[in-house]
Amino acid sequence: MTDASPALDLAGWRHVYSGKVRDLYEPDPSTSSGTAGGRMLVVASDRVSAFDHVLSPGIPDKGALLTTLSLWWFDRLAGADGGRRIPNHLAASHTLDLGADGRANTADDLHDLIPAAVAGRSMVVRSLDMQPIECVVRGYLTGSGWAEYQQSGTVCGIGLAAGLANGDRLPSPIFTPAYKAPMGEHDENISFDEAVDLVGPERAGELRDLSLEIYERAARTAEQRGLILADTKFEFGVDDDGVMTLADEVLTSDSSRYWDAAAWATGTTPSERMASFDKQIVRDWLAANWDMQGEPPALPGEIVERTADRYRELLERLTVA
């Protein structure tokens, strides 16, 4: 069922924030038994946004698909991929089973905390002191980075070799942080020095090193499954023990750009080489059918279905052995 609606009223939880896609809840002190103390409920909706507008209708099961993929990546980064454990914000273990309805199941100790209305598309997480930096890692030249490179030979101020083409692999991944702007405003690309000014040299270095490590581990996993992780963004917070902790969603279609490796190698046009597993279908349709004035038109059923299939295909290719 498509959820393009505002945040829901959920028993035991109080709504505190809604972004374009996710809703955040804290325990309702008037009803909570204390079980959920120090925790938050993050709900991924089926809403889809493009060009700063939330569109209608939403993408069926998008919230469940993104949540399941995040849980899968959190599990791998906790050591299932053979690497060291990256601390994450999950309050307890979430199982990775896909139920008959295609949604992720949760562990028994969290079952009673997650309302049925958002089961399969929500995570119970620990409260963190969130860092004001969005940690972007780019392994390939594309998007806004390609536009900047054409003008100045740089990406977010980092100089690159001449002669690169749209979609080319960079010699090594680069960390290009952004300042997380207040709600309703655009995030702003910043230099590493500006990141240091925001959080201090030690913390900025830790965020950079963690981001590059996670990207490289995830890129290797994607490569094993015939996929390219072109770029991604992470968010981190500090827990009560002072530990830097991976938070929010991770390595999903909404936070990352994935390409098919075979198409990238053999394609003759950018659209063939860099067809991404995300809402690009929606953006392309809007760009061709809307003048960016007033409210955007409703998405045709065919566009909604194709986009849902693209999200689902990425999840299956990554997680199905």
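Everything numeric in this text was worked out from a predicted model, so none of it was measured. (Residues numbered from 1 in each chain as written. Predicted model: local features only at pLDDT ≥ 70, side-chain atom pairs only at ≥ 80, totals over all residues. Heavy atoms only, no water.)

### Focus: the overall build of the protein chain
Then, number 1: A tally of helices and strands in the protein chain yields nine helices and 16 strands.
Then, number 2: Expressed as a percentage of its 321 residues, the buried residues of the protein chain come to 49%.
Then, number 3: Long-range contacts, defined as pairs at least 24 residues apart, comprise 63% of the intrachain contacts of the protein chain with a sequence gap of at least 6. (Helix = DSSP H or I, 4+ residues; strand = E, 2+ residues; numbered from the N terminus. Buried < 20%, exposed > 50% of the residue type's maximum accessible area, 1.4 Å probe, protein only. Contact = heavy atoms within 4.5 Å.)

### Some remarks on a negative patch on the surface
Then, number 1: Taken together, the side chains of Glu 188, Asp 193, Glu 194 and Asp 197 make up a negatively charged region of the molecular surface.
Then, number 2: Classification of Glu 194 by relative accessible area gives partly exposed; the value is 38%. (Patch = residues over 30% accessible without salt bridge, like charges linked within 9 Å, V, L, I, M, F, W, Y side chains within 5 Å. Areas by Shrake-Rupley, 256 points an atom, 1.4 Å probe, with all protein chains shown as cover. Salt bridge = Lys/Arg side-chain N within 4 Å of Asp/Glu carboxyl O. Lys, Arg positive; Asp, Glu negative; His and termini not counted. Charge placed at Lys NZ, Arg CZ, Asp CG, Glu CD.)

### Details of the nonpolar core
Then, number 1: Counting residues in hydrophobic clusters, the biggest one holds 50 residues, and the most contacted among them are Trp 73, Phe 234, Phe 236, Leu 246, Leu 251 and Tyr 258.
Then, number 2: It is helix α5 (residues 201-224) that contributes the most residues to this core, nine residues altogether.
Then, number 3: Among all residues touching Leu 251, those that are not within four sequence positions of it are Leu 69, Trp 73, Leu 77, Ile 214, Ala 218, Leu 229, Thr 232, Phe 234, Ser 256 and Tyr 258. (Core = buried A, V, L, I, M, F, W, Y, C linked by side-chain atoms within 4.5 Å.)

### Concerning the environment of Gly 205
Then, number 1: Relative to the helices and strands, Gly 205 resides in helix α5.
Then, number 2: Each C-alpha atom, one on Gly 205 and one on Ala 195, is 9.2 Å from the other, the two residues being ten residues apart in sequence.

### Observations concerning the packing of aromatic side chains
Then, number 1: All told, the structure shown has six aromatic pairs when counted by the stated rule.
Then, number 2: Ring centres of Tyr 140 and Trp 259 lie 5.6 Å apart, and the angle between their planes is 75°; this geometry places the pair in the edge-to-face category. Within this pair, whereas Tyr 140 is found in strand β8 (residues 133-140), its partner Trp 259 is found in strand β16 (residues 256-260), the two being separated by 119 residues in sequence. Trp 259 shares its class with Tyr 140; the two are buried.
Then, number 3: One aromatic cluster is present, built from ring pairs that chain together Tyr 140, Trp 259 and Trp 264. (Phe/Tyr/Trp six-rings, centres within 6.5 Å; stacked < 30°, edge-to-face > 60°.)

### Considering the sheet that holds strand β1 (residues 13-18)
Then, number 1: Strand order across the open sheet formed by four strands is β1-β2-β3-β6, with antiparallel pairing between neighbours. Where the open sheet ends on each side, the last strands, each with one partner, are β1 and β6 (122-126). The average undirected angle you get between the axes of adjacent strands in this sheet is 30°.
Then, number 2: Looking at chain direction, strand β2 (residues 22-27) and strand β3 (residues 39-44) are connected through four bridges and run antiparallel. From the neighbouring strand, Asp 23 faces β3, where its bridge partner is Val 43.
Then, number 3: Seen against the sheet, helix α1 (residues 62-80) touches β3 and β6 and runs at an angle of roughly 45° to β6. (Pairing = 2+ DSSP bridges. Axes fitted to C-alpha atoms, helices over the stretch in contact; angles between N-to-C directions.)

### What to know about the confidence of the model for the protein chain
Then, number 1: The pLDDT averaged across the protein chain works out to 89; a share of 88% of its residues lies at or above 70.
Then, number 2: Here residues 98-109 scores under 50 on pLDDT; set against residues more than four positions off or in separate chains, the count is 27 contacts. (pLDDT = per-residue confidence, 0-100.)

### Notes on the pattern of salt bridges
Two side chains that carry opposite charge are able to pair once their charged atoms sit near each other.
Then, number 1: Within the structure shown, the criterion is met by 20 salt bridges.
Then, number 2: A salt bridge links Asp 260 to Arg 317; the shortest N-O distance between them is 2.8 Å. Taken together, the positions of Asp 260 in strand β16 and Arg 317 in helix α9 (residues 301-319) put the pair 57 residues apart, joining distant regions of the chain.
Then, number 3: Across the pair Arg 312 and Asp 309 runs a salt bridge, and its minimum N-O distance is 3.3 Å. With Arg 312 and Asp 309 both in helix α9 and three residues apart, the pair spans about one turn of that helix.
Then, number 4: By relative accessible area, which is 28% here, Arg 312 ends up partly exposed.
Then, number 5: The class for Asp 309 is partly exposed, based on a relative accessible area of 40%.
Then, number 6: Taken together, the shared-partner salt bridges in this structure form one network comprising Asp 81, Arg 84, Glu 213 and Arg 217.

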